[in-house]
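Spelled out, the chains give:
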Amino acid sequence: EPPPKIMSVILATAGQDDKIRFWEAPSGICSRVLRYADSQVNCLEITTDKQYLAAGGNPHIRLFEINNSSNQNPILCLEGHTGNVTSLGFQRNGRYLYSGSEDGTVKLWDLRSPTYSRSFDSKGPVNSVALHPNQAEIISGDQNGSIKIFDLGSSRCINDIVPDSHSSSTSSQGRVAIQSVDVSDDARTLVAANNHAEVFAWNPSDATMKQNGEPFRPVAKFRAHQLGAYLLHAKISPDCRHLVTTSSDKTARLFDTTTWQLTQTLSQHKKWVWDAVFSADSSYLVTASSDRSSLLW
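The numbering scheme is per chain: residues are counted from 1 as the chain's sequence reads. Given that this is a predicted model, residues contribute local features only at a pLDDT of at least 70 and side-chain atom pairs are listed and counted only at 80 or more, while totals for whole chains, interfaces and linings are drawn from all residues. The basis for every side-chain value is the complete set of heavy atoms in the structure, and neither hydrogens nor water enter the calculation.

Trainee: It is not clear to me how the sheet that holds strand β25 (residues 262-266) should be interpreted in this structure. Could you clarify?
Mentor: Strand pairing in a sheet relies on backbone hydrogen bonds. The paired strands run either parallel or antiparallel. Taken together, the four strands give an open sheet; going across it, the order is β22-β23-β24-β25, and neighbouring strands pair in antiparallel fashion. Of all the strands in the sheet, the pair left with one neighbour each is β22 (231-236) and β25. Taking the axes of each pair of neighbouring strands and ignoring which way they run, one obtains an average angle of 20° across the sheet. Two strands make a pair as long as DSSP finds a minimum of two bridges between them. Put simply, DSSP marks the helices as runs of H or I at least four residues long and the strands as runs of E at least two long, and each gets a number from the N terminus on. Angular values range over 0 to 180 degrees, each being the angle between N-to-C directions of two axes fitted as lines to C-alpha atoms, with helices fitted over their stretch in contact.

Trainee: Can you help me understand a nonpolar patch on the surface in this one?
Mentor: A cluster of nonpolar side chains, namely Y230, W272 and W274, defines an oily patch on the protein surface of about 310 Å² accessible area. Tracing the backbone shows W274 in strand β26 (residues 273-278). Exposed residues in this analysis have more than 50% of their type's maximum accessible area, buried residues have under 20%, and partly exposed residues fall in between, with area computed by a 1.4 Å probe over protein chains only. According to the relative accessible area criterion, W274 is partly exposed, its value standing at 43%. Each patch is built from salt-bridge-free residues with over 30% relative accessible area, joining like charges within 9 Å and nonpolar side chains (Val, Leu, Ile, Met, Phe, Trp, Tyr) within 5 Å. Shrake-Rupley sampling with a 1.4 Å probe provides the accessible areas, and residues are treated as covered by the protein chains on show and by no other component. Take a side-chain nitrogen of Lys or Arg and a carboxyl oxygen of Asp or Glu: if they are within 4 Å of each other, that pair is a salt bridge.

Trainee: What is the right way to read the packing of aromatic side chains from this model?
Mentor: The description of an aromatic ring pair uses the distance of the two centres, along with the angle that the planes make with each other. Each Phe, Tyr or Trp ring (for Trp, its six-membered ring) is paired with any other whose centre lies within 6.5 Å, and the angle between the two planes then decides the class: stacked below 30 degrees, edge-to-face above 60, tilted in between. Applying the stated rule across the entire model yields seven aromatic pairs. When the centroid spacing of 6.0 Å and the interplanar angle of 40° are considered together, the rings of Y230 and W272 count as tilted. Of this pair, Y230 sits in the loop between β21 (220-223) and β22 while W272 sits in the loop between β25 and β26, and the two are 42 residues apart along the sequence. Since its relative accessible area comes to 34%, Y230 is described here as partly exposed. Through a chain of ring-to-ring contacts, the aromatic side chains of F222, F255 and W260 assemble into a single cluster. Lying across the ring of Y36, R62 places its NZ or CZ 4.5 Å from the centre. Throughout this description, the term charge over a ring refers to an Arg CZ or Lys NZ atom that lies within 6 Å of the ring centre and within 35 degrees of the ring normal. Of note, K107 hangs over the ring of Y116, and the distance from its end group to the ring centre comes to 4.3 Å.

Trainee: Quick question: what am I supposed to make of the sheet that holds strand β1 (residues 11-14) here?
Mentor: Read from one edge to the other, the open sheet built from three strands follows the order β1-β2-β3, with strand pairing classed as antiparallel. At either margin of the open sheet sits one strand with a lone partner, and together these are β1 and β3 (29-35). Ignoring strand direction, the axes of neighbouring strands in this sheet form an average angle of 25°. Both strand β2 (residues 19-24) and β3 contribute to a ladder of six bridges, which runs antiparallel.

Honestly, it's all geometry; don't read function into it.
This is the structure we're talking about:
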């Protein structure tokens, strides 16, 4: 019996149709389809060793084997959230998964157990979560316009940042929802982007401290898409040199993380661009849109 074929590049997409599709990146051929029952898929994440794919739905998280195409069923179903799982990721060694949900919590899961090991109250529906490269802090962005930093050692929220937005509010507190948070792999840049396409960047070593009782000011602040457009996702490349943002204006945009200048506008989608992810070597980008297409750039 030949050994199972190991895919060197794993590209997976999912959406509203209850299916997860794996693609051969060079040819665009769909190589495998998994069914995700009872819910749409909100987010996908692959472990660093390319063995497992996690999918976040409403309200569960399911783990699938990537290289065992004979098993179409999830090997683990994580139950504990009570609303849409909007964002998730793995710790570097792949043993822990972290997730954020519209139920207002950030949860940490030990993958040897089907129940969460820790839960943090974000005091508002969570749109995005990111793990600091030190593996000791989780950053969340919520619909109340707040960026929180949770310390995994003490299980406490050690900072709560509300950026100074100049857009019309989207929450009852008069704030603009944070749509996306991310931390660069070199730990030098923490990025948060709000619903109205304002992007804020901090040095994370500053963000955990306060100066004279005042939060540190962002090192950069700019509008990534024109007034009236919604920003839907923001992600820093693995080589830390680029930021990609996606928007309701049907484009994805690339910014230089040193100067924060716009370097490229990718505008071939016909509808809203909901997500974008870089290849591991930062040389390719995949975007996903509600025009039902995923494009490789």
